[in-house]
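As a plain string of letters, each chain reads:
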Amino acid sequence: MTGPGPAAVEAVFRSSYGRAVAVLTRLLGDIDAAEEAVQDAFATALQRWPAEGVPPSPAGWIVATARNRAIDRVRRESTRDTRHRAALLLQDPGPPPEEGAVRDDRLRLLFTCCHPALAPAARVALTLRLVGGLTTAEIAHAFLVPEATTAQRIVRAKAKIRDARIPYRVPREADLPDRLGGVLAVVYLVYTEGHTASSGDRLVRTDLCAEAVRLARELAELMPDEPEVLGLLALLLLGESRRAARVSPSGELVPLAGQDRRLWDADLVAEGQDLVRRCLRRDAPGPYQVQAAIQAVHSDPPPDWRQVVALYDHLLALTPSPVVALNRAVAVAEVSGPAAGLALVDALDLPRSHLLPAVRADLLRRLGRRAEAAAAYDRALALAGNAAERAFLARRRAEVSPSDGAGA
Amino acid sequence: MAQYLLSIQQPAGDPPAPEVLGPIMRDVTRVDDEIRAAGAWVFAAALFPPATATVLRPAGDDVLVTDGPYAEGKEHVGGFTVVDVPDLDAALEWGRRLARATTLPVEVRPVAGNGV
């Protein structure tokens, strides 16, 4: 074989599956039929492209072929309902849809996948499936849930979209802030699960991080005037910039202060910081922008901890949560000393999370209260599900009480 | 257009005192008027308490009659409205207003087959 192989089709699949499904869903009025048509088109591409070469506009070719396949299919099936659909399709002679229209379709698909009437887990799975083009098996694997569970989630969510008539539409202006928040939350959830996997051996699931960044880039392209969209993208890029430095060669978590900055991705740092500056000029701060600003400060070491505390004050006002308060306490400890940080931490209640005892343990260690620090490390170790975090905590635990060994 | 059942989930126990219930009923009536004015109204009803219900069960060729309700629960359907609207977002908007007016949870459920 001399022409492009399956890898070329695969690359087009990853980059254009979502847009093709988005366009076809509008044409067919049905997500399942759209997916089927797009998959038919890719199957055809696998047959033809190796001999005929990749067409000049692969994404346009996929959409046009999917549309023709859909027409073939409804003609074959030819019930009253599908004949009506065929008529609709034929009315639209469909020159390759222009970019503006595709953009609207892609937004419609995103808002439909992230509709608040769907369960959060279903929103994540649907978005990765329909917008990201991941297979059900890939999504199941990424979240460590059985494939059957993921498949059922997706089937049920699509049935609800169809039966309850969740509209295929970008929300009206008045609902946009709320609904956009839902879309951003899905992308952020994909990233956080990838960034620090809640269980498993690896700290980072690169595939999920990359997928989240891709979704965030797509959102920023589709909604370039929404500061929170840019804020989320900046936050993810700055996080991604440190990925190589976050895990030691032995697979142990490396906290920010101990990271080798030469391992940071300078391009991602620059892009993230530039986005943060653009957000600041808009002067419409939201939680993602403030978190991105905090990460931007950390990307310019040594960080200005007073500024970090001020940003956490702001974030706490926007989204009061014990996790934000815990991070603020860490910053306060850098400005006013570990005792001041510890007083704040001890006022917090965050059951079942390893983060609070881990921070407490570190502050106690720095205060020289070794026995209490060891006990706090033990609590953190009992709660941490990720192997890289556990390795880090176990080593620190051993440092505060060498005679006890590595703890749990 | 599609029809949706908006059912009001009422907690078990005595209804609120008249001075509380009065303003609530005024608000509910206002929402009902708005649904009619928008041309979305299909049907609406408030229900007597579950203790007034009677249950019928098929048993062989017979049908058994027993005192209700069918299921005892902490909540029950206290009333409902059926609306005819273009899509779920429109149904959720009426549901949101009904929840605010009744101060109670509202379940929005699509009617199968367009209510025909």
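Residues numbered from 1 in each chain as written. Chains lettered and ligands numbered in written order. Predicted model: local features only at pLDDT ≥ 70, side-chain atom pairs only at ≥ 80, totals over all residues. Heavy atoms only, no water.

K.L.:
Even after reading the chapter, I still don't get the packing of helix α5 (residues 99-113) of chain A against helix α6 (residues 120-131) of chain A, so can you show me in this structure?
P.N.:
Residue and element names in this part refer to chain A. Interhelical geometry of α5 versus α6 gives an angle of 155° and a closest axis separation of 8 Å. Classified by the angle their axes make, α5 and α6 are roughly antiparallel. Residues Leu 109, Leu 110 and Cys 113 of α5 form the contact with α6, whose own contacting residues are Arg 123, Leu 126, Thr 127, Leu 130 and Val 131. (Axes fitted to C-alpha atoms, helices over the stretch in contact; angles between N-to-C directions. Helix = DSSP H or I, 4+ residues; strand = E, 2+ residues; numbered from the N terminus. Parallel < 35°, antiparallel > 145°, perpendicular 65-115°, else oblique. Contact = heavy atoms within 4.5 Å.)

K.L.:
Which parts of the structure should I look at to understand the sheet that holds strand β2 (residues 41-46) of chain B?
P.N.:
In sheet architecture, strand pairing relies on hydrogen bonds along the backbone and comes in two forms, parallel and antiparallel. Residues and elements named next belong to chain B. Taken together, the four strands give an open sheet; going across it, the order is β2-β5-β1-β6, and neighbouring strands pair in antiparallel fashion. Strands at the two margins of the open sheet, each flanked by one partner only, are β2 and β6 (106-110). With strand direction ignored, the average angle separating the axes of adjacent strands in the sheet is 20°. Sheet analysis places β2 next to strand β5 (residues 75-85), joined by five bridges and oriented antiparallel. When the sheet's bridge partners are listed, Ala 44 is paired in β5 with Thr 81. Sheet contacts for helix α1 (residues 18-37): β2 and β5; angle to β2, the most-contacted strand, approximately 160°. (Pairing = 2+ DSSP bridges.)

K.L.:
I keep staring at the UniProt feature "domain: YCII-related" (unreviewed entry) in chain B and nothing clicks. Help me out?
P.N.:
Mapped onto the present numbering, the UniProt feature "domain: YCII-related" (unreviewed entry) falls on residues 22-111 of chain B. Between the end C-alpha atoms of residues 22-111 of chain B the distance is 31 Å, and the span holds 34% helix and 38% strand. (UniProt positions renumbered as here; feature names shortened; annotations may be inferred.)

K.L.:
How should a nonpolar patch on the surface be read in this particular structure?
P.N.:
Residues and elements named next belong to chain B. Where nonpolar side chains cluster on the molecular surface, the patch consists of Leu 56, Val 63 and Val 65 and spans about 300 Å² of accessible area. The topology assignment puts Leu 56 in strand β3 (residues 54-59). Judged by relative accessible area, Leu 56 falls into the exposed class, the value being 56%. (Patch = residues over 30% accessible without salt bridge, like charges linked within 9 Å, V, L, I, M, F, W, Y side chains within 5 Å. Areas by Shrake-Rupley, 256 points an atom, 1.4 Å probe, with all protein chains shown as cover. Salt bridge = Lys/Arg side-chain N within 4 Å of Asp/Glu carboxyl O. Buried < 20%, exposed > 50% of the residue type's maximum accessible area, 1.4 Å probe, protein only.)

K.L.:
Looking at this model, I keep getting lost on the interface of chain A and chain B. Mind explaining?
P.N.:
Accessible area lost on assembly of the parts is the figure often given for the size of an interface. Listed as interface residues are 10 residues of chain A and, on the opposing side, 11 residues of chain B. Summing both sides of the interface, chain A and chain B together bury roughly 740 Å²; the carbon and sulfur share of this comes to 47%. The interface formed by chain A and chain B includes four salt bridges. A salt bridge links Asp87(B) to Arg169(A), with the shortest nitrogen-to-oxygen separation between them at 2.9 Å. Along the contact surface separating chain A from chain B lie five residue pairs in polar contact (both at pLDDT 80 or more). Class assignment for the residues of the side of chain A that touches chain B results in four nonpolar, one polar and five charged. (Buried area = accessible area lost by both parts, 1.4 Å probe. Polar contact = N/O pair within 3.5 Å; in protein donor to acceptor, adjacent residues only side chain to side chain. Nonpolar A, V, L, I, M, F, W, Y, C, P; charged D, E, K, R; others polar.)

K.L.:
In this structure, what is going on with the state of the cysteines? I would like to understand it.
P.N.:
One way to say it: the disulfide is the covalent bond shared by the sulfur atoms of two cysteines. All names here are of chain A. In total, this model carries zero disulfides over all chains according to the counting rule given. Take Cys 209: it sits in no disulfide, and the sulfur closest to it among the cysteines is that of Cys 114, at 18 Å. Between Cys 279, a cysteine without a disulfide, and Cys 114, which holds the nearest cysteine sulfur, the sulfur-to-sulfur distance is 20 Å. With a relative accessible area of 4%, Cys 279 lands in the buried category. (Disulfide = S-S within 2.5 Å.)

K.L.:
Whenever I open this one, the pattern of salt bridges confuses me. Can you help?
P.N.:
Side-chain pairs of opposite charge can arise whenever the charged atoms involved come near each other. Residue and element names in this part refer to chain A. Summed over the entire model, instances satisfying the criterion amount to 38 salt bridges over all chains. With a closest N to O distance of 2.6 Å, Arg 73 and Asp 40 form a salt bridge. Remark: Asp 40 occurs in helix α2 (residues 31-52) and Arg 73 occurs in helix α3 (residues 58-77); sequence separation between them is 33 residues. Close ionic contact of Asp 72 with Arg 69 constitutes a salt bridge, the shortest N to O distance being 3.6 Å. On the criterion of helical spacing, the pair formed by Asp 72 and Arg 69 is a turn pair, its members being three residues apart in helix α3. Overall, the relative accessible area of 34% leaves Asp 72 in the partly exposed class. Linked through salt bridges whose partners overlap, the residues forming this network are Glu 252, Glu 334, Asp 362, Arg 365, Arg 366, Arg 395, Arg 396 and Glu 399.

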